[in-house]
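# Tertiary structure, described
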Amino acid sequence: MAGLANTSNRGSSKFSRIDFNVFDPPSDPGTRPQICEYHPNDREGVRRSYLAKGPCQPKLHDFVGREIGTRLRGFNPRWYDDFGSWLEYSMEKEAMYCFFCFLFKSELRGRQGGGDAFVVTGWKAWNKGKDALLSHIGKANSIHMQNESKARALLNQRQSISSCFIRQTEKSRKDHRVRLNASLDCIRYLLCQGMAFRAHDESANSRNKGNFIELLKFLADHNADVKNVALENAPKNLQLISSDFQKEMVHAAAHETTIAIIRELGDELFAILVDESRDVSCKEQMALVIRFVRKDGSTVERFLGIVHVLNTAAATLKVAMESKLAEHSLSLSRIRGQGYDGASNMRGEFNGLKSLILKTNSSVYYVHCFAHQLQLTLVAVANSHIDVAHLFTLTDKIQNIVGASCKRKDMLRERQAAEIAKALNNGEKETGKGQNQEMGLSRAGATRWGSHYGTVNNVIGLFTPILDVLEMIEEEAVDFNKKGEAKVLLDGLPSFDCVFVLHLMQDVLGLTNVLSQALQKKRSRYC
């Protein structure tokens, strides 16, 4: 069960399906849905997912107290040591909850040790301290103890009903382990290589059933133990090649990777890198990366996850970021650095994400990537000087006209090859490894670092072939608009002013490109 979507409501029409990721369930006990809100057919899977993840116990959170009587009282993190198996804390509600009662209390009636306070509303009577927690636990037959027993029984696979009905032989267990390990090896390989898993046609008659199945076939062909138990030799309902199985294993790999990242971070302080983007389905997303120093003194950056957001407002991004950090028991109080782009919703002095986090934690130092600042400066300068702006307008038109068809691109390559051969015969160029490579036209982009420098170099290197292709377009093109555009370029590109600015920008951007490359190095202290 990789996730429960809003599918058919089989078995109970009065319950609607709640979207749920079995490998990444909502953590904060104050905001997550109650077990009784899930479809009855899904509740056991939800419980297992929460039991695998454990209770939400933020330890470095800035716990907010409240005045009770004449004293300021609040949550004591030391209570985790005595009640760590079930005690939870909500950073959203600033209240205590019971993990076991959240999972099973909907099945038992009665009010004992706080009633619904430890499940729904949260317990905030800090003045009662440990006495309230002990009262909630109660005696051996209390509701809390019954819920704890249910949780431990659910974790014990040997006591489950399915285990009682299915008595597997030792051979079937070994065969299943070999089959599972073979599928996992293929999944790990495809994940490490960043390759797609599935194909458009995975039917029995398909010649290419996708990377996953084809790789599993290759492995079976070269390993007799795998071949005897996998694919067509496996039980029809236990081949471990379905799309649902693949998704589950991919989610499991992502979950284990995240656990390893959090374990590597430990109790150290860290910085965050946040950027928003839109996927192919036009959904706004926020990517979150943490940066920290390992025990050996090296600095590393680890991708923590992507969160779907309704909009890119600073307040929305802050809530999404806090929620993602809370899922891994990380708090804003441990952050010491933040890095974003130059958008107003990110670095705004009053309502930007930077300012909102500084209001919560004044120790968070903001850094705007120096390589990004350099690119923004180059774009601003290029757009503010009329001659430079005119140059890049011409380069864009060249890309639109010359690079508009495969025929013109092939002609540009032929002219380039002839130009290089002529220069080699005249001794103007030397041969050698990596020299005289084929060049193409590229468009300068505001967000692609070094793209302006690459565009200028390509235009200079292909100057004569570009003019030859433009002359061909002016003479042979059927479309008079194309003829007119080619004539405008032929009049403007070879002019002294344009050639002068072209070589001037090559020198200027050459200097800034060296700086940009230095700022982008992995060990640079400025990026």
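In what follows, the accompanying structure is described. Here the structure is a predicted model, which is why all the values come from computation and not from measurement.

Below, the discussion takes up the nonpolar core. Counting 33 residues, the largest nonpolar core has Phe 75, Trp 79, Trp 86, Leu 87, Met 96, Leu 103 and Leu 133 as its most contacted members. Elements represented by at least two residues in this core include exactly α1 (43-53), α2 (79-83), β3 (87-90), β4 (95-98), α3 (99-104), α4 (129-137) and α5 (143-155). Element by element, the count of residues in this core is highest for α3, at 6 residues. With near-sequence residues (within four places) excluded, Phe 75 lies in contact with Phe 63, Tyr 80, Leu 87, Tyr 89, Met 96 and Trp 126. In terms of nonpolar packing, the next biggest core, distinct from the first, is built from 30 residues, Leu 462, Leu 467, Met 472 and Leu 502 among them.

Direction vectors running N to C along α1 and α5 enclose 90 degrees, while the axes themselves pass 10 Å from each other. By the angle between their directions, the pair α1 and α5 is classed as roughly perpendicular. Only Ala 151, Leu 154 and Leu 155 of α5 make contact with α1, whose side of the interface consists of Glu 44, Arg 47, Arg 48 and Leu 51. Here the contact of α1 with α5 is built from residues that sort into 4 nonpolar, no polar and 3 charged.

Here the focus is the packing of aromatic side chains. Inspection of the entire model under this criterion finds 14 aromatic pairs. Where Phe 63 meets Phe 75, the ring centres are 5.1 Å apart and the plane angle is 45 degrees; that geometry is what we call tilted. In this pair, Phe 63 is assigned in the loop between α1 and β1 (66-68) and Phe 75 in the loop between β2 (71-73) and α2, connecting sequence segments 12 residues apart. For the residue pair Phe 63 and Phe 75, the accessibility class agrees, reading buried in each case. Between the aromatic rings of Phe 75 and Trp 126, the centroid separation amounts to 6.1 Å while the plane-to-plane angle is 75 degrees, which identifies the pairing as edge-to-face. Of this pair, Phe 75 sits in the loop between β2 and α2 while Trp 126 sits in the loop between α3 and α4, placing them 51 residues apart in sequence. Each member of the pair Phe 75 and Trp 126 is classed as buried.

Criteria and thresholds
Residues numbered from 1 in each chain as written. Predicted model: local features only at pLDDT ≥ 70, side-chain atom pairs only at ≥ 80, totals over all residues. Heavy atoms only, no water. Core = buried A, V, L, I, M, F, W, Y, C linked by side-chain atoms within 4.5 Å. Buried < 20%, exposed > 50% of the residue type's maximum accessible area, 1.4 Å probe, protein only. Helix = DSSP H or I, 4+ residues; strand = E, 2+ residues; numbered from the N terminus. Contact = heavy atoms within 4.5 Å. Axes fitted to C-alpha atoms, helices over the stretch in contact; angles between N-to-C directions. Parallel < 35°, antiparallel > 145°, perpendicular 65-115°, else oblique. Nonpolar A, V, L, I, M, F, W, Y, C, P; charged D, E, K, R; others polar. Phe/Tyr/Trp six-rings, centres within 6.5 Å; stacked < 30°, edge-to-face > 60°.

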